[in-house]
Every structure is written in C-alpha cells, then in structure tokens.
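Structural overview
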Amino acid sequence: MSQNTKIPKFSELPLRAGDPPYSAWGLYGDDDELGTLNRQTDELVLAAAKEIRSGKRISLNWPLDAQDKIPFFGRHIFHKEIIAKTPRIVNDDVWTFNTQSSSQWDGLRHFAYQKEQKFYNGVTMDDIHGPNKSDVNGIHAWSKNGIVGRGVLLDYHRWRLAHNIPVEFFKRHPIPVEHLKAVAEFQQTEIKFGDILIIRVGYMEAFRALPEEELFRLAKSMPHALIGVEQSKETLEWLWSNFSAVAGDHPSFEAYPAPSDLCLHEVLLAGWGMPIGELFDLDELAQHCEKEKRWTFFVSSEPCNVPGGVASPPNIIAMF
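Figured I'd write up the structure that's included with this text. As a convention, each chain's residues are numbered from 1 in the sequence order in which they are written. Local features in this predicted model are restricted to residues of pLDDT 70 or higher, and side-chain atom pairs are both shown and tallied only at a pLDDT of 80 or more, whereas totals for entire chains, interfaces and linings draw on every residue. As a rule here, side-chain values come from all non-hydrogen atoms in the structure, and water together with hydrogens is ignored.

1. A few points about the overall build of the protein
When you go through the protein residue by residue, the secondary structure sums to 9 helices and 13 strands. It is over C-alpha atoms that the radius of gyration is taken, and the globule rule equals 2.2 Å times the number of residues to the power 0.38. A compact globule built from 320 residues should have a C-alpha radius of gyration of about 20 Å, and the protein, at 20 Å, falls within 12% of that. For the protein, the residues scored as buried account for 52% of the 320 residues in total. The contact criterion used throughout is that any non-hydrogen atoms of two residues lie within 4.5 Å. Put simply, of all contacts in the protein between residues at least 6 apart along the chain, 78% involve residues at least 24 apart. When the accessible area of the protein is evaluated, it comes to approximately 15,300 Å², of which 50% is carbon and sulfur surface. Averaging the positions of the 33 positive and the 43 negative side-chain charges in the protein gives two centres separated by 3 Å. Put simply, DSSP H or I for four residues or longer makes a helix, DSSP E for two residues or longer makes a strand, and each gets a number counted from the N terminus. We call a residue buried when its accessible area falls under 20% of the maximum for its residue type, exposed when it is over 50%, and partly exposed in between, using a 1.4 Å probe and counting protein chains only. Computed with the Shrake-Rupley method and a 1.4 Å probe, the accessible areas treat only the protein chains shown as cover for residues. Charge counting follows a simple rule: Lys and Arg are positive, Asp and Glu are negative, and His as well as the terminal groups are ignored. Taken as the charge location is NZ of Lys, CZ of Arg, CG of Asp or CD of Glu.

2. Some thoughts on the sheet that holds strand β9 (residues 243-248)
Any two strands with at least two DSSP bridges between them are considered paired. Strand order across the open sheet formed by 9 strands is β1-β13-β11-β5-β7-β9-β10-β4-β12, with mixed pairing between neighbours. Edge positions in the sheet fall to β1 (57-59) and β12 (311-312), since each has one partner strand and no second. When β1 meets strand β13 (residues 316-319), the two strands line up antiparallel, connected through 3 bridges. When the sheet's bridge partners are listed, I58 is paired in β13 with A318. For every element, the axis is a line fit to its C-alpha atoms; helices are fit only across the contacting stretch, and the angle between N-to-C directions ranges from 0 to 180 degrees. In this fold helix α4 (residues 177-187) packs onto β5 (147-155) and β7 (195-200), with an angle of close to 90° to the strand it touches most, β5.

3. Here's the deal with the packing of aromatic side chains
Only rings of Phe, Tyr and Trp enter the pairing, Trp through its six-membered ring, and a pair is recorded when the two centres are within 6.5 Å. The plane angle decides the type: under 30 degrees is stacked, over 60 is edge-to-face, the rest tilted. Scanning the entire structure with this criterion turns up 14 aromatic pairs. Here Y156 and W159 contribute two aromatic rings whose centre-to-centre distance is 5.8 Å and whose plane-to-plane angle is 35°, an arrangement assigned as tilted. Here the residue Y156 and the residue W159 both occupy positions in helix α3 (residues 156-162), the gap between them amounting to 3 residues, near one helical turn. With relative accessibility at 1%, the residue Y156 sits in the buried group. Criterion for a charge above a ring: Arg CZ or Lys NZ at most 6 Å from the ring centre, at most 35 degrees from the ring normal. Taking NZ or CZ as reference, R39 lies 4.7 Å from the ring centre of W240, over its face.

4. Some details on the pairing of β7
Most of β7 is tucked away, with 6 of its 6 residues classed as buried. Across 5 bridges, β5 lies against β7 in parallel orientation. Its bridge partner being in β7, L154 is matched across the sheet by I199. The sheet contact formed by β7 and β9 spans 5 bridges and is parallel. Note on β9: the bridge partner recorded for I199 is G248.

5. With respect to helix α6 (residues 212-220)
Residues of α6 that are buried include every one of L215, L218 and A219, and no others. Across the axial projection of α6, the buried residues extend over an arc of 100°, all falling on one side. Turned more than 90 degrees away from the buried face of α6 sit E213 and K220, all of them exposed. Buried-residue contacts for α6 involve α5 (203-208). An arc is given here, and it is the one of the directions from the helix axis to the C-beta atoms.

6. Quick look at the pattern of salt bridges
Any Lys or Arg side-chain nitrogen located within 4 Å of an Asp or Glu carboxyl oxygen qualifies as a salt bridge. Within this structure, the stated rule accounts for 13 salt bridges. When the shortest N-O distance is used, the salt bridge between D19 and R16 registers 2.8 Å. Residue classification places D19 among the buried positions, given a relative accessible area of 17%. For E290, the salt bridge identified is with R158, shortest N-O distance 3.5 Å. You can see E290 sitting in helix α9 (residues 283-292) and its partner R158 sitting in helix α3, a full 132 residues away along the chain. Judged by its relative accessible area of 18%, R158 falls in the buried class.

7. What to know about the side chain of D249
Its place among the elements puts D249 in the loop between β9 and α8 (264-272). Buried within the structure, D249 lacks any salt-bridge partner; its nearest side chain of opposite charge belongs to R200, at an N-O separation of 4.9 Å. One polar contact links the side chain of D249 to the main-chain amide nitrogen of V201, over a distance of 3.0 Å. Setting aside anything within four residues of it in sequence, one finds D249 in contact with I199, R200, V201, G202, Y203, M204, L279, F280 and L282. Two N or O atoms form a polar contact when they lie within 3.5 Å of each other; inside protein one atom must be a possible hydrogen donor and the other a possible acceptor, and for residues adjacent in sequence the pair counts only when both atoms belong to side chains.

This is how it looks when you write it as structure tokens:
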C-alpha cells in the first residue's frame, strides 16, 4: 500500500488472481458500489471546500436537449411535453430522454469487461436482467453522498493552441498522458490525491461550429471516430494514482473507438468503479479559470436517485 494515498500501487493490480486486468475488486469489500468515490472522505471534502473563496458558481451542465437532432451513438433525443392542467392555470411536464445524450456520469452498469462479461465487483448481466435481478451497481448508490471534492480543470484546448498542436475532433485522436501532465505544468496546477479530473479538449466549441448537414453526417457515420484520452498503461497508472472521478467535454472521454487490447471504460468503470463524465459544458469554466489564473475549484454533483439506473445527468456546479 502506498503511504500517501493508502491505496495499492498500480503495479499491484489486479488485487486477486483470476480477476480481470488492472481490476481492484474487493478493495472496499465485495458488495461495494462506490468504487473510487470511497476516496472522497469527509476529510478530503472538507479540505476541498477551502477552494471556495469568492462564491462564484458555474454550471457544467449542457442543456438536456443540446443534441436535439441526431445524438451520437444512436441515442434518443430529449423530448419535453408541457401539460396544461385546465381549467386551472397550472402546468405539469413530462421528460423522456436517454441519460447519455447530454452531460452525464457513466455509472457502474454501463460498461463491463467484455471478455469476462462482468461489471464492477463481478456483477453480471443476469444480476441486472435475470429472474433474480436487483438494483446492484445502480446510479442511486452515488446519489446519497454525491460526487463532491476538489475539481481540477486541465484546459488541453488552451494548451495545445498555445503550442500549435493540431487536433481532429471528429476523427480518432488519442491525447497522451504526457500532454495532460504538460497542461498541468503549463497552468502551474497541483494535482492532489482524490481530485476530480475534468479535461477540456475543445469539443463543445467544435460541435457548435458544425454545419447542420455535417452534424447529421457524423451522427449517422458508424462507427464514430472521436478525440479522447489515449489508452495506455501510463494513462491508467496516472488516473489510478490520483483521481476519484474523471470527466471531459467530449463524448467518450477516451479516444474512440478503443483498441481491442485496452479500453479505459472497461478498467475505470468495471475494474475500479471510477465515474466517467462526458459532454460536460466547460467553456464558461475555462474562461473563468483563465481570468482568475486558477484551475482548481470545489465541485458538487448529485446524480439522480434512480434505483438501478445506468447513468445520470451530473447536476454539477463548480464553485470558486
């Protein structure tokens, strides 16, 4: 066990013989449903609250209907029905949407180890869909205490523009961990154990600039090809050693499609129980961070309390 983090070293994963590659099953007990959110102790959150100095608050939630044409990955669009309760002057409304068509936390039911066919801590599809199905690994487990702590924005988009590094947002474009570490150094941003990592690659800016016909073409093109974090052991070691949750402004967090021999969704979600946030709206946050020359802040996010849910809008606020 590492002295400063009190977690096993990355080189010690998997923890048990026969478990999937790099997994940490059993670290917090065989029935654990919090994964790396166990790192967000009361003491860590209390220390993170010191990031609040001015009271400035910034939402990181993209509108639920932001992808109102054809969402990527064939997901359903957001639908809103407003119901007039006549003869009273009263309205109700009904929303139907895919929880992953806008800003989202991927939960522990979303992605399994594909070869082993097992989710976090060995949960199977039969546990979720079979005759004795339960709510195990549901998103509701994260709603009780939320996803709360010190947020760190790595503004990769700002850094790569300053260094004249070209990217392709709508082609498979892996971002190496060496670049992410360079962004932190460029910003003079210290990373602390248990931080919530948030990466701005500039996807939202590129998405908003797309002509509608190009958006339709890309949404219908299968498989999608998208920018994201590179799949490597070095990336995994860096994420495992530092963070309690990870997120970005792009659709898949990792470069998509993932190579067959290493998929971050498998290891992070199914192996460690680490929340993956996608499609966070980070442009206003980035502007404020640059203005203040501070890329750390307090984060409060409460996933929806839906027993057995797969994913959730993040309901996330950054506070300075």
